[in-house]
Amino acid sequence: MIVNLPDGSRKEVAEGATVADVAAAIGAGLAKAALGGKVDGAFADLDTVVPEGATVEILTAKSPEALGIMRHSAAHVMAEAVQQLYPGAQIGFGPQTDDGFFYDFALPEGASISPEDFAAIEERMAEIVKRDEPFVREVVTRDEAKRIFADQRLKAEHIDDLPADEEIIIRRHGDFVDLCSGPHMPSAGKIGPFKIMKTAGAYWKGDSDNEMLTRIYGTAFFSKKELEEHLHNLAEAEKRDHRKLGRELGIYMMDPMAGVGLPMYLPKGARVIRTLQEWLRRDLYDRGYEEVITPHIYNADVWKTSGHYGFYHDNMYFFQINEGTDDEPRMSEYGVKPMNCPGHVMLYKNELHSYRDLPLRYFEFGTVYRHEMSGVVHGLLRARGFTQDDAHVFCTKDQVVDEVVAILDLVDHIMTTFGFQYEAEISTRPEKSIGTDDMWEHATNALMEACARHNLPYEINEGDGAFYGPKIDIKVKDAIGRTWQCSTVQIDFNMPMRFGLTYRTEDNTEETPWMLHRAIFGSIERFLGILIEHYAGSLPLWLAPVQVAVLPIADRHIGAAADLVKLIKDAGGRVELYDQNEPMRVKIAKAQSQKIPYMVVLGDKEVESGTVSVRERSEGDLGSWPVEQLLEVIRAAAL
C-alpha cells in the first residue's frame with residue numbers, strides 16, 4: 001500500500017504496516033532513532049498500524065513533540081516506582097507539563113513523601129529504566145477496565161465518569177498499568193536523565209470539594225547537559241525571585257490584613273513605578289496620545305452595556321450603594337472596574353467626531369481589580385489589583401495598519417531599552433465570535449501586514465483570538481531564557497457597536513469607528529516583577545530607586561557629604577546619605593545589598609581635592625573621580 005510523507009513524497013509499504021515499518025522503509029537510521037509518529041496529524045506509537053493513504057510523520061528525539069512524549073513516559077515510571085515503594089498507593093492523573101511532568105497520589109494511611117524521599121524514588125526509577133521494558137497499549141472494554149482497576153478507587157471513579165461511547169485505552173509497563181491513550185516511548189530504556197523536583201497538594205480532579213492528593217513533580221531531558229542547564233536555570237530563577245528581592249530591596253509588601261493579591265508599594269517601589277510611568281507618559285505625548293483618567297467603579301449598567309456583566313461577572317467585584325434616603329432607599333449595583341476600556345469608550349462618545357478627528361488615542365495608567373483565585377495569585381506577576389498602561393485608539397478601517405505599526409514601534413522602543421528579545425503571535429477568530437467575515441479578514445490581514453511592515457516575524461495561534469477581534473501578543477525572553485507574555489494589541493468590533501460609537505465620514509454619513517486596545521507593559525506590577533527577575537534586582541541606573549549612596553568615612557566628613565547629596569539631587573539624581581556611625585565596610589555592604597548602582601566615598605583626601613572615590617555595584621572600585629564627572633553620569637541618566 002502507499003502512504004504519504006510530510007515532504008510530499010510517497011512510500012510503498014506492506015499492507016498492515018506499522019509506524020515502525022514506515023520508518024524502516026525510509027531508512028535504517030531513522031528506524032533506530034524513531035520514538036513514535038503522527039498518523040494524519042494524530043500521535044501514534046511505533047506499533048500503531050497505518051491505514052492506506054495516510055500521512056505518516058516519524059518522531060525522533062529532534063522532533064519538537066518528542067520531549068513531551070518522553071516526559072509522559074517518565075511520569076509512568078515515577079508512578080510505578082512510587083507504587084512499589086508505597087504499596088497501596090492510589091494513582092490519579094500524570095501528564096507531562098511545559099517543564100517536566102507530575103503524578104497525583106493518594107498515599108496509604110500514615111505515609112508521606114518529602115524531599116528526603118526523592119533519592120529513593122529516583123533510584124527505583126533508574127532500576128525500572130534499566131530493565132527497558134516496553135510500554136504496551138491495549139484497548140479494553142469498560143468491564144475489563146473496572147476489573148483491572150478494582151483496587152484503584154480513583155481510576156474506578158474516573159471510568160464511571162467517562163462517556164459511554166468513549167474508547168478505553170490502558171498502558172502497561174511491567175507490573176504498572178494506567179488509563180492512558182499515550183503516546184509513549186517504545187520502551188523505558190529510551191527515557192533520558194530525570195530528577196524529582198518537589199511535592200505539593202492537589203485536589204482530585206482540581207475540585208476543592210474532593211480529597212487532597214500528593215502531587216509529585218519531576219522533569220526529564222534527553223541529555224545530562226540539558227538537565228543540568230535546566231537545574232541551573234531553576235536555581236538562578238530562585239535567586240531572582242521578585243518576591244524575595246522585592247522584600248529585601250524594599251520595593252513592595254503584601255499584608256494579609258489588606259487582602260490576597262493586593263500589593264502595597266514601599267517608597268522605593270513607588271519611586272520605580274512613577275519613574276516608569278513618567279518615562280512612558282512623555283513618550284506617549286510625543287506619539288500623539290492624550291491622557292485621560294476614569295473612575296475605579298461604575299454603575300452596573302455600564303458593565304451590562306459593555307458585556308462584562310454577562311461574560312466576566314464572576315471575575316469582578318460588585319456591591320450595592322443606596323442612592324436614595326434611609327426612609328426611601330434606592331439601591332443601585334456598582335462594579336469595580338476590571339479593565340479601563342468602557343471609560344474610554346464613554347469619553348469618546350462625549351463629543352461628536354468626524355473622520356478629521358481620527359485617529360483618536362486615549363491612554364491611562366488605570367488601576368483595575370480582578371477576582372483571581374487565591375491559589376493562582378503570585379506576587380506582582382499575578383495580582384488582584386494592578387495598574388495597566390492602557391490605551392485605546394479609535395480610527396477608521398483604513399487607518400488600522402498604520403496605527404498597529406506605530407504601536408509595534410513603541411513596543412520595540414520599550415523592549416529594546418530593557419534588553420529584551422521578543423517575538424509576536426497573532427491569534428485568529430475563535431468559534432464563538434461576533435463581526436462579519438469581512439471584518440475579521442480585514443482585521444487579521446491588518447495585523448499581519450503591520451508585522452510584515454515592521455519586519456517582525458510572527459506565529460499564528462489559530463482560533464485563540466478574543467470573541468470581539470484578533471490580536472497580537474508580544475512575548476519577551478528574559479536574561480535566563482524564560483518567556484513572558486507582555487504587550488498586546490487587540491482589535492475590537494464589539495464595544496464600539498455596543499455603545500453606539502460613530503464618526504462623520506467624508507461623505508457625510510455615520511460610520512462605526514474601529515477600536516484598538518493596546519498595552520505595552522500590560523500590568524505595570526507584572527512588568528516590574530519581570531524586570532526585577534530579569535536584572536536580578538540590579539535595575540538600570542535611570543530606573544534604580546536609589547542611584548547613589550554617599551558614604552562619609554568619619555563624622556567630620558558628613559557636612560561635605562550633605563553638600564554632595566544636594567549637588568546630586570540638583571542634577572536630577574536619587575541619592576541616600578549613609579551617615580550612620582559604622583565602619584566603611586559595613587556601609588559598602590549595605591549599599592551593595594541594596595543593589596545601588598554607585599557608592600561614593602568621602603574622606604579627608606576627597607574633601608581636600610574636590611573628588612570622590614567611586615565604587616560601582618558590579619564593576620567594583622572605579623577609582624577617584626572629579627565630582628563633576630559623577631554629576632554628568634547622573635544627568636545623563638535623568639529622564
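A quick note: this is a predicted structure, and the numbers were derived from the prediction, not measured.

**Q** Would you take a moment to explain helix H16 (residues 524–534) for this structure?
**A** Working note: α-helix, 3.6 residues per turn, so residues spaced by three or four point in the same direction. Of all eleven residues making up H16, ten are buried, and the element is well covered by its neighbours. For H16, the complete set of buried residues consists of Ile524, Glu525, Phe527, Leu528, Gly529, Ile530, Leu531, Ile532, Glu533 and His534. N-cap assignment for H16: the residue whose side-chain oxygen lies 3.3 Å from the backbone N of Glu525 is Ser523. Looking one or two residues past H16, Ala536 carries a phi angle of roughly 55°, positive in sign.

**Q** Sorry, what's going on with the sheet that holds strand S17 (residues 297–299) here?
**A** Strands pair in a sheet through their backbones, by hydrogen bonds, and they do so in one of two ways: parallel or antiparallel. With respect to topology, three strands assemble into an open sheet ordered S17-S19-S18, the strand pairing being antiparallel. The open sheet has two edge strands with one neighbour each: S17 and strand S18 (317–322). This sheet shows a mean twist of 35° between the axes of neighbouring strands, independent of strand direction. The pairing of S17 with strand S19 (residues 331–336) spans three bridges and is classified as antiparallel. Along S19, the bridge assignment pairs Asn299 with Tyr334.

**Q** Even after reading the chapter, I still don't get the environment of Asp555, so can you show me in this structure?
**A** As for its position among the elements, Asp555 is in the loop between strand S29 (548–552) and helix H17 (558–570). Taking the C-alpha atoms as reference points, Asp555 and Gly603, 48 residues apart in sequence, are found 9.8 Å from one another.

**Q** Quick question: what am I supposed to make of the pattern of salt bridges here?
**A** Pairing between side chains of opposite charge can happen when their charged atoms approach one another. Across all of its chains, the model carries 36 salt bridges by this definition. Glu403 is the salt-bridge partner of Arg361, the closest N and O atoms lying 2.8 Å from each other. Placement of Arg361 in strand S20 (residues 360–369) and of Glu403 in helix H13 (residues 400–417) is noted, with a sequence separation of 42 residues between them. In this structure, Arg361 and Glu403 share a single accessibility class: buried. Close ionic contact of Glu582 with Lys590 constitutes a salt bridge, the shortest N to O distance being 2.7 Å. According to the relative accessible area criterion, Glu582 is partly exposed, its value standing at 24%.

**Q** Please clarify how the side chain of Thr444 should be interpreted in this entry.
**A** With respect to the helices, strands and loops of the structure, Thr444 is situated in helix H14 (residues 437–453). Assessed through its relative accessible area of 11%, Thr444 is described here as buried. In terms of polar contacts, Thr444 uses its side chain to reach the backbone carbonyl oxygen of Trp440, at 2.8 Å. If we skip the residues at most four places from it in the chain, Thr444 touches Thr428 and Pro470.

**Q** Honestly, the side chain of His534 in this entry has me stumped. Any pointers?
**A** With respect to the helices, strands and loops of the structure, His534 is situated in helix H16. Note on His534: relative accessible area 8%, which makes it buried. Within the local environment of His534, its side chain forms a polar contact with the backbone nitrogen of Ala479, the two atoms lying 2.9 Å apart. In contact with His534, not counting residues within four places along its chain, are Arg240, Phe418, Gly419, Phe420, Asp478 and Ala479.

**Q** It is not clear to me how the packing of aromatic side chains should be interpreted in this structure. Could you clarify?
**A** Any pair of aromatic rings gets described here by the distance separating the centres and the angle formed by the planes. Counted by the stated rule, this structure contains 24 aromatic pairs. Each ring, one from Tyr309 and one from Phe318, has its centre 5.1 Å from the other, and the planes form 65°; the classification is edge-to-face. For Tyr309, a relative accessible area of 23% gives the class partly exposed. We classify Phe318 as partly exposed; its relative accessible area is 21%. Through a chain of ring-to-ring contacts, three or more aromatic side chains come together here, namely Trp279, Phe418, Phe420, Phe521, Phe527 and Trp542. Directly above the aromatic system of Phe221 lies the positively charged group of Arg71, at a separation of 4.6 Å from the ring centroid. Sitting over the face of the ring of Tyr309, Lys304 holds its NZ or CZ atom 5.0 Å from the ring centroid.

So, how was this worked out
Residues numbered from 1 in each chain as written. Predicted model: local features only at pLDDT ≥ 70, side-chain atom pairs only at ≥ 80, totals over all residues. Heavy atoms only, no water. Buried < 20%, exposed > 50% of the residue type's maximum accessible area, 1.4 Å probe, protein only. Helix = DSSP H or I, 4+ residues; strand = E, 2+ residues; numbered from the N terminus. Polar contact = N/O pair within 3.5 Å; in protein donor to acceptor, adjacent residues only side chain to side chain. Pairing = 2+ DSSP bridges. Axes fitted to C-alpha atoms, helices over the stretch in contact; angles between N-to-C directions. Salt bridge = Lys/Arg side-chain N within 4 Å of Asp/Glu carboxyl O. Contact = heavy atoms within 4.5 Å. Phe/Tyr/Trp six-rings, centres within 6.5 Å; stacked < 30°, edge-to-face > 60°. Lys NZ or Arg CZ within 6 Å of the ring centre and 35° of its normal.

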